[in-house]
Amino acid sequence: MQRSQSSRETDLLKRVSQYMPGGSNGNTIHMNVVIERGEGSKVWDVSGNEYVDYALGSGPMFIGHAHPKVVEALRDRVGKSFTFFSLTEEAILLAEEICKAVPTAEQVRFASGGTEATLMAMRAARAYRGRDKILKFEGGYHGMNEYALMSLAPSKLIDFPRPEPDSVGIPRSIQEEVLVAPFNDLETTTAIIEKYHDEIGGVIVEAFQRVINPQPGFLEGLRDITNQYGIPLIFDEIVTGFRFSYGGAQQHYGVTPDLCSLGKIVGGGLPLSAVAGKGEIMQVFDAAHADETGPMPQVGTLNGNPVASIAGLATLEVLREPGIYQETFARGRRLRDGFQDALDQAEIPAQVIGHDTVFDIYFTDDDRPIADYRDTVKGDKAKMMKLNDLLLERGVFKGDTKYYVSTAHTDDDIDRTLDIFRSAIDAL
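Just so it is clear, the model here is predicted, and its values are computed rather than measured. (Residues numbered from 1 in each chain as written. Predicted model: local features only at pLDDT ≥ 70, side-chain atom pairs only at ≥ 80, totals over all residues. Heavy atoms only, no water.)

## Observations regarding the overall build of the protein chain
When its secondary structure is counted, the protein chain shows 15 helices and 14 strands. At 22 Å, the protein chain has a C-alpha radius of gyration in line with the 22 Å of a compact globule built from 428 residues. In terms of principal-axis extent, the alpha carbons of the protein chain reach across some 65 × 55 × 50 Å. Partitioning the intrachain contacts of the protein chain with sequence separation of at least 6 by distance along the chain shows that 69% fall at a separation of at least 24. Total accessible area computed for the protein chain in this model is approximately 18,700 Å², and 49% of it derives from carbon and sulfur atoms. (Helix = DSSP H or I, 4+ residues; strand = E, 2+ residues; numbered from the N terminus. Rg over C-alpha atoms; globule rule 2.2 N^0.38 Å. Contact = heavy atoms within 4.5 Å. Areas by Shrake-Rupley, 256 points an atom, 1.4 Å probe, with all protein chains shown as cover.)

Below is the structure:
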(Lines give C-alpha, C1' and ligand atoms only; values in the text may rest on other atoms or scores of the structure.)
Protein backbone atom coordinates (compact mmCIF):
# COMPACT_ATOMS: atom_id res chain seq x y z
CA MET A 1 0.00 0.00 0.00
CA GLN A 2 1.12 3.53 -0.76
CA ARG A 3 -0.93 5.96 1.24
CA SER A 4 -2.93 8.54 -0.73
CA GLN A 5 -4.54 11.77 0.45
CA SER A 6 -7.85 13.03 -0.89
CA SER A 7 -8.84 16.65 -1.37
CA ARG A 8 -11.34 16.16 1.48
CA GLU A 9 -8.59 15.14 3.90
CA THR A 10 -6.34 17.98 2.70
CA ASP A 11 -9.14 20.46 3.34
CA LEU A 12 -9.83 19.07 6.82
CA LEU A 13 -6.16 19.34 7.75
CA LYS A 14 -6.17 22.99 6.68
CA ARG A 15 -9.19 23.58 8.90
CA VAL A 16 -7.66 21.91 11.94
CA SER A 17 -4.59 24.13 11.64
CA GLN A 18 -6.88 27.16 11.72
CA TYR A 19 -9.31 26.15 14.45
CA MET A 20 -7.40 23.86 16.85
CA PRO A 21 -4.14 24.86 18.60
CA GLY A 22 -1.16 23.14 17.07
CA GLY A 23 -3.39 21.52 14.46
CA SER A 24 -4.43 18.74 16.85
CA ASN A 25 -6.82 17.77 19.61
CA GLY A 26 -3.84 17.44 21.95
CA ASN A 27 -3.02 13.90 20.85
CA THR A 28 -0.10 14.18 18.44
CA ILE A 29 -0.39 10.77 16.77
CA HIS A 30 -0.01 11.07 12.96
CA MET A 31 -1.26 14.64 12.62
CA ASN A 32 -1.42 14.30 8.84
CA VAL A 33 -4.19 11.66 9.03
CA VAL A 34 -7.93 12.08 9.69
CA ILE A 35 -9.53 8.79 10.75
CA GLU A 36 -13.12 8.17 9.71
CA ARG A 37 -14.15 4.70 10.89
CA GLY A 38 -13.01 1.41 12.38
CA GLU A 39 -14.11 -2.21 12.32
CA GLY A 40 -12.45 -5.06 14.17
CA SER A 41 -8.67 -4.68 13.87
CA LYS A 42 -8.79 -2.10 11.04
CA VAL A 43 -9.29 1.64 10.68
CA TRP A 44 -9.85 3.77 7.58
CA ASP A 45 -9.03 7.43 7.03
CA VAL A 46 -11.23 9.89 5.16
CA SER A 47 -9.15 9.28 2.02
CA GLY A 48 -10.13 5.60 2.08
CA ASN A 49 -6.74 4.19 3.15
CA GLU A 50 -7.00 1.02 5.25
CA TYR A 51 -4.67 0.28 8.17
CA VAL A 52 -4.12 -2.55 10.61
CA ASP A 53 -4.67 -0.66 13.85
CA TYR A 54 -2.27 -0.99 16.78
CA ALA A 55 -3.24 2.32 18.37
CA LEU A 56 -6.71 1.06 19.33
CA GLY A 57 -7.73 4.55 20.43
CA SER A 58 -4.68 4.51 22.75
CA GLY A 59 -5.83 1.22 24.20
CA PRO A 60 -9.57 1.15 24.96
CA MET A 61 -10.61 -0.84 21.88
CA PHE A 62 -9.24 -4.10 23.29
CA ILE A 63 -11.99 -6.16 21.66
CA GLY A 64 -11.68 -4.25 18.39
CA HIS A 65 -13.65 -1.47 16.79
CA ALA A 66 -17.45 -1.57 16.56
CA HIS A 67 -17.75 -5.01 18.15
CA PRO A 68 -21.25 -6.32 17.31
CA LYS A 69 -22.14 -6.99 20.97
CA VAL A 70 -21.16 -3.47 22.00
CA VAL A 71 -22.92 -1.87 19.03
CA GLU A 72 -26.11 -3.81 19.79
CA ALA A 73 -26.00 -2.87 23.48
CA LEU A 74 -25.51 0.80 22.58
CA ARG A 75 -28.33 0.71 20.04
CA ASP A 76 -30.72 -0.55 22.72
CA ARG A 77 -29.52 2.05 25.24
CA VAL A 78 -29.34 5.33 23.31
CA GLY A 79 -33.04 5.36 22.51
CA LYS A 80 -33.69 5.87 26.24
CA SER A 81 -31.63 9.10 26.36
CA PHE A 82 -28.00 9.65 27.16
CA THR A 83 -27.47 10.90 30.71
CA PHE A 84 -29.46 11.77 33.83
CA PHE A 85 -27.10 12.96 36.63
CA SER A 86 -28.61 10.15 38.67
CA LEU A 87 -28.17 6.48 39.45
CA THR A 88 -28.81 4.08 36.59
CA GLU A 89 -28.97 0.31 36.46
CA GLU A 90 -26.08 0.16 34.00
CA ALA A 91 -23.68 1.98 36.34
CA ILE A 92 -24.68 -0.16 39.30
CA LEU A 93 -24.16 -3.38 37.34
CA LEU A 94 -20.79 -2.19 36.03
CA ALA A 95 -19.63 -1.31 39.56
CA GLU A 96 -20.71 -4.79 40.70
CA GLU A 97 -18.78 -6.47 37.88
CA ILE A 98 -15.64 -4.46 38.66
CA CYS A 99 -15.86 -5.54 42.30
CA LYS A 100 -16.20 -9.17 41.25
CA ALA A 101 -13.20 -8.96 38.92
CA VAL A 102 -10.57 -6.71 40.52
CA PRO A 103 -8.88 -7.99 43.71
CA THR A 104 -8.74 -4.66 45.57
CA ALA A 105 -12.19 -3.47 44.49
CA GLU A 106 -14.72 -3.51 47.31
CA GLN A 107 -16.36 -0.27 46.16
CA VAL A 108 -16.22 1.90 43.04
CA ARG A 109 -16.60 5.56 42.15
CA PHE A 110 -16.96 6.55 38.49
CA ALA A 111 -15.48 9.48 36.61
CA SER A 112 -15.07 10.35 32.93
CA GLY A 113 -11.35 10.03 32.13
CA GLY A 114 -8.09 8.62 33.39
CA THR A 115 -6.73 12.01 34.47
CA GLU A 116 -9.72 12.50 36.73
CA ALA A 117 -9.59 8.96 38.13
CA THR A 118 -5.91 9.12 39.10
CA LEU A 119 -6.39 12.55 40.64
CA MET A 120 -9.33 11.29 42.74
CA ALA A 121 -7.38 8.18 43.78
CA MET A 122 -4.53 10.34 45.04
CA ARG A 123 -6.95 12.67 46.83
CA ALA A 124 -8.70 9.71 48.46
CA ALA A 125 -5.37 8.34 49.70
CA ARG A 126 -4.38 11.71 51.16
CA ALA A 127 -7.80 12.12 52.79
CA TYR A 128 -7.65 8.68 54.37
CA ARG A 129 -4.04 8.98 55.49
CA GLY A 130 -4.22 12.62 56.54
CA ARG A 131 -0.91 13.43 54.85
CA ASP A 132 -0.17 15.64 51.85
CA LYS A 133 2.70 14.21 49.83
CA ILE A 134 2.38 11.78 46.93
CA LEU A 135 5.23 9.53 45.84
CA LYS A 136 5.27 8.64 42.15
CA PHE A 137 7.83 7.07 39.83
CA GLU A 138 9.94 8.86 37.25
CA GLY A 139 8.48 8.33 33.79
CA GLY A 140 5.17 7.04 35.17
CA TYR A 141 2.12 8.35 33.33
CA HIS A 142 -0.97 9.18 35.39
CA GLY A 143 -2.82 11.56 33.10
CA MET A 144 -2.66 15.33 32.83
CA ASN A 145 -3.37 16.51 36.37
CA GLU A 146 -0.78 18.63 38.18
CA TYR A 147 0.55 15.81 40.36
CA ALA A 148 0.87 13.48 37.39
CA LEU A 149 2.79 16.08 35.39
CA MET A 150 5.78 15.82 37.68
CA SER A 151 8.77 13.95 36.20
CA LEU A 152 6.66 12.24 33.56
CA ALA A 153 9.28 13.00 30.90
CA PRO A 154 11.97 14.99 32.68
CA SER A 155 14.90 16.31 30.67
CA LYS A 156 17.21 17.36 33.49
CA LEU A 157 17.26 14.01 35.35
CA ILE A 158 17.73 15.71 38.69
CA ASP A 159 18.45 13.83 41.91
CA PHE A 160 15.68 11.81 43.53
CA PRO A 161 13.25 12.49 45.14
CA ARG A 162 12.92 16.03 43.72
CA PRO A 163 10.35 16.34 40.92
CA GLU A 164 10.68 18.23 37.65
CA PRO A 165 7.47 19.83 36.27
CA ASP A 166 6.55 18.70 32.76
CA SER A 167 4.33 21.68 32.00
CA VAL A 168 4.09 25.39 32.53
CA GLY A 169 1.06 26.59 34.45
CA ILE A 170 1.59 24.29 37.43
CA PRO A 171 1.89 26.10 40.79
CA ARG A 172 5.35 25.78 42.32
CA SER A 173 3.70 24.65 45.54
CA ILE A 174 2.75 21.35 43.87
CA GLN A 175 6.45 20.48 43.58
CA GLU A 176 6.66 20.53 47.36
CA GLU A 177 3.99 17.83 47.59
CA VAL A 178 5.44 15.28 45.14
CA LEU A 179 8.31 12.86 45.70
CA VAL A 180 9.84 10.94 42.79
CA ALA A 181 11.53 7.54 42.87
CA PRO A 182 13.13 5.36 40.16
CA PHE A 183 10.96 2.49 38.90
CA ASN A 184 12.33 -0.98 39.65
CA ASP A 185 14.78 0.39 42.23
CA LEU A 186 13.40 -0.93 45.49
CA GLU A 187 16.42 0.14 47.54
CA THR A 188 16.14 3.82 46.60
CA THR A 189 12.35 3.78 46.85
CA THR A 190 12.49 2.21 50.30
CA ALA A 191 14.99 4.81 51.48
CA ILE A 192 12.73 7.65 50.29
CA ILE A 193 9.66 6.16 51.96
CA GLU A 194 11.52 5.56 55.21
CA LYS A 195 12.71 9.18 55.26
CA TYR A 196 9.37 10.78 54.39
CA HIS A 197 6.89 8.17 55.65
CA ASP A 198 5.20 10.55 58.09
CA GLU A 199 4.51 13.04 55.27
CA ILE A 200 3.37 10.66 52.50
CA GLY A 201 -0.36 10.38 51.83
CA GLY A 202 -0.05 7.75 49.13
CA VAL A 203 2.20 6.01 46.62
CA ILE A 204 1.00 5.74 43.01
CA VAL A 205 2.59 3.44 40.45
CA GLU A 206 1.93 1.86 37.10
CA ALA A 207 2.60 -1.77 38.00
CA PHE A 208 3.74 -2.06 34.36
CA GLN A 209 5.28 1.36 33.67
CA ARG A 210 4.52 2.39 30.09
CA VAL A 211 6.09 -0.74 28.52
CA ILE A 212 8.58 -1.57 31.27
CA ASN A 213 7.99 -4.78 33.19
CA PRO A 214 8.43 -4.78 36.96
CA GLN A 215 11.50 -6.73 37.99
CA PRO A 216 10.96 -9.75 40.27
CA GLY A 217 10.27 -8.62 43.82
CA PHE A 218 9.79 -4.92 43.07
CA LEU A 219 6.02 -4.75 43.42
CA GLU A 220 6.06 -7.16 46.34
CA GLY A 221 8.68 -5.03 48.09
CA LEU A 222 6.71 -1.86 47.40
CA ARG A 223 3.63 -3.48 48.89
CA ASP A 224 5.61 -4.52 51.98
CA ILE A 225 7.13 -1.10 52.68
CA THR A 226 3.84 0.76 52.21
CA ASN A 227 2.10 -1.74 54.48
CA GLN A 228 4.83 -1.25 57.07
CA TYR A 229 4.06 2.45 57.35
CA GLY A 230 0.32 2.30 56.67
CA ILE A 231 0.62 4.24 53.41
CA PRO A 232 -2.08 3.57 50.78
CA LEU A 233 -0.67 2.00 47.62
CA ILE A 234 -2.38 2.98 44.35
CA PHE A 235 -2.01 0.98 41.15
CA ASP A 236 -2.78 3.07 38.09
CA GLU A 237 -4.49 0.44 35.95
CA ILE A 238 -5.92 2.73 33.28
CA VAL A 239 -3.90 0.74 30.71
CA THR A 240 -3.55 -2.66 32.38
CA GLY A 241 -7.03 -3.05 33.84
CA PHE A 242 -8.83 -5.96 32.11
CA ARG A 243 -5.91 -6.18 29.65
CA PHE A 244 -3.27 -8.26 31.46
CA SER A 245 -6.00 -10.47 32.89
CA TYR A 246 -9.67 -10.05 33.75
CA GLY A 247 -8.51 -8.85 37.18
CA GLY A 248 -5.86 -6.55 35.73
CA ALA A 249 -2.17 -6.21 36.55
CA GLN A 250 -2.78 -6.76 40.26
CA GLN A 251 -4.18 -10.21 39.51
CA HIS A 252 -1.51 -10.87 36.87
CA TYR A 253 1.37 -10.02 39.22
CA GLY A 254 -0.28 -11.28 42.40
CA VAL A 255 0.10 -8.00 44.31
CA THR A 256 -3.00 -6.24 45.65
CA PRO A 257 -2.92 -2.45 46.17
CA ASP A 258 -5.28 -0.44 48.39
CA LEU A 259 -6.72 1.59 45.52
CA CYS A 260 -6.61 1.50 41.74
CA SER A 261 -7.67 3.66 38.84
CA LEU A 262 -9.40 2.07 35.86
CA GLY A 263 -10.22 3.39 32.40
CA LYS A 264 -9.92 2.67 28.67
CA ILE A 265 -11.25 -0.92 28.40
CA VAL A 266 -13.72 -0.57 31.28
CA GLY A 267 -15.68 2.03 29.29
CA GLY A 268 -15.62 0.11 26.03
CA GLY A 269 -14.12 3.10 24.22
CA LEU A 270 -16.52 5.67 25.65
CA PRO A 271 -15.55 8.32 28.23
CA LEU A 272 -15.63 6.46 31.54
CA SER A 273 -13.12 5.78 34.29
CA ALA A 274 -13.24 4.62 37.88
CA VAL A 275 -11.52 4.60 41.24
CA ALA A 276 -11.84 1.26 43.01
CA GLY A 277 -10.48 0.08 46.30
CA LYS A 278 -10.89 -1.18 49.80
CA GLY A 279 -14.11 -0.14 51.49
CA GLU A 280 -12.33 1.45 54.44
CA ILE A 281 -10.55 3.92 52.15
CA MET A 282 -13.43 4.38 49.71
CA GLN A 283 -15.56 5.65 52.60
CA VAL A 284 -13.89 9.05 52.17
CA PHE A 285 -16.21 9.48 49.17
CA ASP A 286 -19.26 8.88 51.43
CA ALA A 287 -20.74 12.08 52.85
CA ALA A 288 -22.09 10.08 55.79
CA HIS A 289 -18.50 9.72 57.03
CA ALA A 290 -17.61 13.42 56.69
CA ASP A 291 -17.46 13.81 60.49
CA GLU A 292 -14.60 11.31 60.56
CA THR A 293 -12.60 12.29 57.47
CA GLY A 294 -13.95 15.66 56.44
CA PRO A 295 -15.94 16.19 53.22
CA MET A 296 -14.46 14.92 49.96
CA PRO A 297 -17.02 15.69 47.26
CA GLN A 298 -16.66 14.04 43.85
CA VAL A 299 -19.35 15.43 41.58
CA GLY A 300 -19.31 14.89 37.83
CA THR A 301 -22.00 15.51 35.23
CA LEU A 302 -21.18 12.23 33.47
CA ASN A 303 -20.14 10.06 36.44
CA GLY A 304 -21.38 6.54 35.67
CA ASN A 305 -22.90 7.66 32.38
CA PRO A 306 -25.35 4.90 31.31
CA VAL A 307 -24.25 4.83 27.67
CA ALA A 308 -20.59 4.42 28.61
CA SER A 309 -21.52 1.92 31.33
CA ILE A 310 -23.44 -0.31 28.93
CA ALA A 311 -20.50 -0.24 26.51
CA GLY A 312 -18.26 -1.30 29.38
CA LEU A 313 -20.59 -4.10 30.43
CA ALA A 314 -20.80 -5.44 26.88
CA THR A 315 -17.00 -5.30 26.53
CA LEU A 316 -16.44 -7.19 29.78
CA GLU A 317 -18.96 -9.82 28.69
CA VAL A 318 -16.82 -10.48 25.61
CA LEU A 319 -13.68 -10.71 27.76
CA ARG A 320 -15.27 -13.45 29.87
CA GLU A 321 -15.41 -15.77 26.86
CA PRO A 322 -13.20 -18.86 27.38
CA GLY A 323 -9.67 -18.69 25.95
CA ILE A 324 -9.87 -15.10 24.71
CA TYR A 325 -6.87 -13.88 26.71
CA GLN A 326 -4.68 -16.86 25.85
CA GLU A 327 -5.38 -16.48 22.13
CA THR A 328 -4.71 -12.74 22.19
CA PHE A 329 -1.48 -13.16 24.16
CA ALA A 330 -0.26 -15.79 21.67
CA ARG A 331 -0.79 -13.49 18.67
CA GLY A 332 0.84 -10.58 20.46
CA ARG A 333 3.83 -12.73 21.36
CA ARG A 334 4.23 -13.80 17.73
CA LEU A 335 4.21 -10.17 16.65
CA ARG A 336 6.75 -9.15 19.30
CA ASP A 337 9.08 -12.04 18.44
CA GLY A 338 8.70 -11.32 14.73
CA PHE A 339 9.70 -7.69 15.23
CA GLN A 340 12.78 -8.66 17.23
CA ASP A 341 13.80 -11.27 14.65
CA ALA A 342 13.47 -8.75 11.80
CA LEU A 343 15.56 -6.18 13.68
CA ASP A 344 18.22 -8.76 14.54
CA GLN A 345 18.43 -10.00 10.95
CA ALA A 346 18.83 -6.42 9.74
CA GLU A 347 21.54 -5.96 12.39
CA ILE A 348 19.73 -2.95 13.83
CA PRO A 349 20.40 -2.68 17.60
CA ALA A 350 17.02 -2.56 19.30
CA GLN A 351 14.95 -4.08 22.08
CA VAL A 352 11.27 -5.03 21.81
CA ILE A 353 9.99 -4.79 25.38
CA GLY A 354 6.69 -5.02 27.22
CA HIS A 355 3.73 -7.37 27.52
CA ASP A 356 2.17 -9.48 24.79
CA THR A 357 -0.76 -7.03 24.51
CA VAL A 358 1.20 -3.76 24.76
CA PHE A 359 4.84 -3.28 23.83
CA ASP A 360 7.25 -1.07 21.92
CA ILE A 361 10.66 -0.88 20.30
CA TYR A 362 13.65 1.00 21.68
CA PHE A 363 16.55 1.59 19.32
CA THR A 364 19.56 1.27 21.61
CA ASP A 365 23.06 -0.15 21.51
CA ASP A 366 22.82 -1.07 25.18
CA ASP A 367 22.27 -4.80 25.67
CA ARG A 368 21.12 -4.42 29.28
CA PRO A 369 17.37 -4.86 29.86
CA ILE A 370 15.47 -1.57 30.04
CA ALA A 371 14.42 -1.19 33.68
CA ASP A 372 13.42 2.45 34.18
CA TYR A 373 12.77 5.79 32.53
CA ARG A 374 16.45 6.75 32.34
CA ASP A 375 17.14 3.62 30.33
CA THR A 376 14.46 4.62 27.81
CA VAL A 377 15.88 8.08 27.10
CA LYS A 378 19.05 6.46 25.75
CA GLY A 379 17.02 5.18 22.80
CA ASP A 380 17.00 6.83 19.37
CA LYS A 381 13.60 8.52 19.34
CA ALA A 382 14.06 10.00 15.86
CA LYS A 383 14.55 6.50 14.45
CA MET A 384 11.38 5.32 16.19
CA MET A 385 9.37 8.21 14.71
CA LYS A 386 10.78 7.50 11.25
CA LEU A 387 9.76 3.85 11.57
CA ASN A 388 6.23 4.90 12.58
CA ASP A 389 5.98 7.02 9.42
CA LEU A 390 7.24 4.18 7.23
CA LEU A 391 4.70 1.80 8.78
CA LEU A 392 1.87 4.29 8.24
CA GLU A 393 2.73 4.64 4.56
CA ARG A 394 2.53 0.86 4.23
CA GLY A 395 -0.73 0.34 6.13
CA VAL A 396 0.05 0.02 9.87
CA PHE A 397 -1.43 2.59 12.24
CA LYS A 398 0.06 3.03 15.72
CA GLY A 399 0.70 5.71 18.31
CA ASP A 400 3.94 7.56 18.84
CA THR A 401 4.73 4.89 21.39
CA LYS A 402 3.25 1.44 22.05
CA TYR A 403 1.78 -1.31 19.93
CA TYR A 404 -1.57 -2.36 21.38
CA VAL A 405 -2.83 -5.82 20.38
CA SER A 406 -6.57 -6.56 20.46
CA THR A 407 -8.69 -9.67 20.62
CA ALA A 408 -9.79 -8.77 17.07
CA HIS A 409 -6.34 -9.09 15.50
CA THR A 410 -6.13 -12.25 13.41
CA ASP A 411 -3.26 -14.45 12.26
CA ASP A 412 -3.60 -12.81 8.85
CA ASP A 413 -3.21 -9.38 10.49
CA ILE A 414 -0.03 -10.56 12.19
CA ASP A 415 1.36 -11.98 8.93
CA ARG A 416 0.54 -8.79 7.04
CA THR A 417 2.05 -6.61 9.77
CA LEU A 418 5.28 -8.60 9.84
CA ASP A 419 5.61 -8.29 6.04
CA ILE A 420 5.06 -4.54 6.30
CA PHE A 421 7.49 -4.27 9.20
CA ARG A 422 10.26 -6.03 7.25
CA SER A 423 9.69 -3.67 4.33
CA ALA A 424 9.80 -0.66 6.66
CA ILE A 425 12.99 -1.93 8.31
CA ASP A 426 14.62 -2.28 4.86
CA ALA A 427 13.70 1.35 4.12
CA LEU A 428 14.86 2.45 7.57
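## A closer look at the packing of helix α6 (residues 186–196) against helix α7 (residues 218–229)
Contact pair α6 / α7: the axes reach a minimum separation of 10 Å and the direction vectors enclose 10°. By the angle between their axes, α6 is roughly parallel relative to α7. In this structure, α6 contributes L186, T189, T190, I193 and E194 to the contact, and α7 contributes F218, G221, L222, I225, T226 and Y229. (Axes fitted to C-alpha atoms, helices over the stretch in contact; angles between N-to-C directions. Parallel < 35°, antiparallel > 145°, perpendicular 65-115°, else oblique.)

## Here we look at helix α11 (residues 306–319)
Counted at 1.5 Å a residue, the expected span for α11 with its 14 residues is 20 Å, and the 20 Å between its end C-alpha atoms agrees. For α11, the buried fraction is high: 13 of the 14 residues fall into the buried class. N-cap assignment for α11: the residue whose side-chain oxygen lies 3.0 Å from the backbone N of V307 is N305. (Expected span 1.5 Å × (residues − 1). Buried < 20%, exposed > 50% of the residue type's maximum accessible area, 1.4 Å probe, protein only. Polar contact = N/O pair within 3.5 Å; in protein donor to acceptor, adjacent residues only side chain to side chain.)

## Overview of the nonpolar core
Among the nonpolar cores identified, the biggest contains 93 residues, and I98, F242, I361 and F421 are the most heavily contacted of them. Here this core gets nine residues from one element, more than from any other, and that element is α11. Setting aside its immediate chain neighbours within four residues, I98 contacts A105, V108, F110, F242, L262, V266 and A276. Judged by nonpolar contacts, the second largest core, of 26 residues, contains A125, M150, V180 and I281. (Core = buried A, V, L, I, M, F, W, Y, C linked by side-chain atoms within 4.5 Å.)

## Here's the deal with the sheet that holds strand β1 (residues 35–39)
Taken in spatial order, the four strands of this open sheet run β1-β2-β3-β13, and their pairing is mixed. Sheet topology places β1 and β13 (396–397) at the edges, where each strand pairs with a single neighbour. (Pairing = 2+ DSSP bridges.)

## Things to note about the side chain of D45
Locating D45 in the fold gives a position in strand β2 (residues 42–45). Taking relative accessible area as the criterion, D45 reaches 1% and is therefore assigned buried. A polar atom in the side chain of D45 sits 2.9 Å from the backbone nitrogen of S47.

## Examining the packing of aromatic side chains
Per the counting criterion, the structure on display carries 14 aromatic pairs. When the ring of F62 is compared with that of Y325, the centres are 6.2 Å apart and the planes differ by 40°; the resulting orientation is tilted. Placement of F62 in the loop between β3 (50–53) and α2 (68–78) and of Y325 in helix α12 (residues 324–345) is noted, with a sequence separation of 263 residues between them. Note on Y325: relative accessible area 11%, which makes it buried. On the numbers, 5.6 Å between centres and 15° between planes, the contact of F359 with Y403 is stacked. You can see F359 sitting in strand β12 (residues 358–362) and its partner Y403 sitting in strand β14 (residues 403–404), a full 44 residues away along the chain. The pair formed by F359 and Y403 is uniform in burial state, with each residue classed as buried. Clustering of aromatic rings is evident, with ring pairs tying together Y54, F339, F359, Y403 and F421. Directly above the ring of Y147 sits R126, whose terminal nitrogen or CZ lies 4.7 Å from the centroid. One Lys or Arg, K398, reaches over the ring of Y403 and ends 4.7 Å from the middle of that ring. (Phe/Tyr/Trp six-rings, centres within 6.5 Å; stacked < 30°, edge-to-face > 60°. Lys NZ or Arg CZ within 6 Å of the ring centre and 35° of its normal.)

## Some thoughts on unusual backbone geometry
Cis rather than trans, the peptide bond between F160 and P161 has omega equal to 5°. Following the sequence through the fold, P161 ends up in the loop between β5 (133–137) and α5 (172–175). Within the chain, A66 stands out as a residue other than glycine whose phi angle is a positive 50°. In this structure, A66 sits in the loop between β3 and α2. The phi dihedral of L157 is positive, around 50°, even though this residue is not glycine. As for its position among the elements, L157 is in the loop between β5 and α5. Looking at L157, the relative accessible area reads 29%, which means it is partly exposed.

## Some points on the pattern of salt bridges
Inspection of every chain in the model, using the stated rule, returns 24 salt bridges. Two residues, D411 and R331, come together in a salt bridge whose shortest N-O distance is 3.1 Å. With D411 in helix α15 (residues 411–427) and R331 in helix α12, this pair connects stretches of sequence that are 80 residues apart. For R331, a relative accessible area of 21% puts it in the partly exposed group. D356 is paired through a salt bridge with R336; the nearest N and O atoms lie 3.0 Å apart. Taken together, the residues D356 in the loop between β11 (351–355) and β12 and R336 in helix α12 connect sequence positions 20 residues apart. Note on D356: relative accessible area 10%, which makes it buried. (Salt bridge = Lys/Arg side-chain N within 4 Å of Asp/Glu carboxyl O.)

## What to know about the packing of helix α3 (residues 89–101) against α11
How two helices pack is summed up by the angle between their axes together with the distance between the axes. Between α3 and α11, the least distance of the axes is 8 Å, while the angle of their chain directions is 40°. Classified by the angle their axes make, α3 and α11 are oblique. At the point where α3 passes α11, the crossing takes the left-handed sense. Between α3 and α11, the contacting residues are E90, A91, L93, L94 and E97 on the first element and P306, S309, I310, G312, L313 and L316 on the second. Tallied by class, the residues present in the contact of α3 with α11 amount to seven nonpolar, two polar and two charged. (Left-handed = near helix turned anticlockwise from the far one by under 90°. Nonpolar A, V, L, I, M, F, W, Y, C, P; charged D, E, K, R; others polar.)

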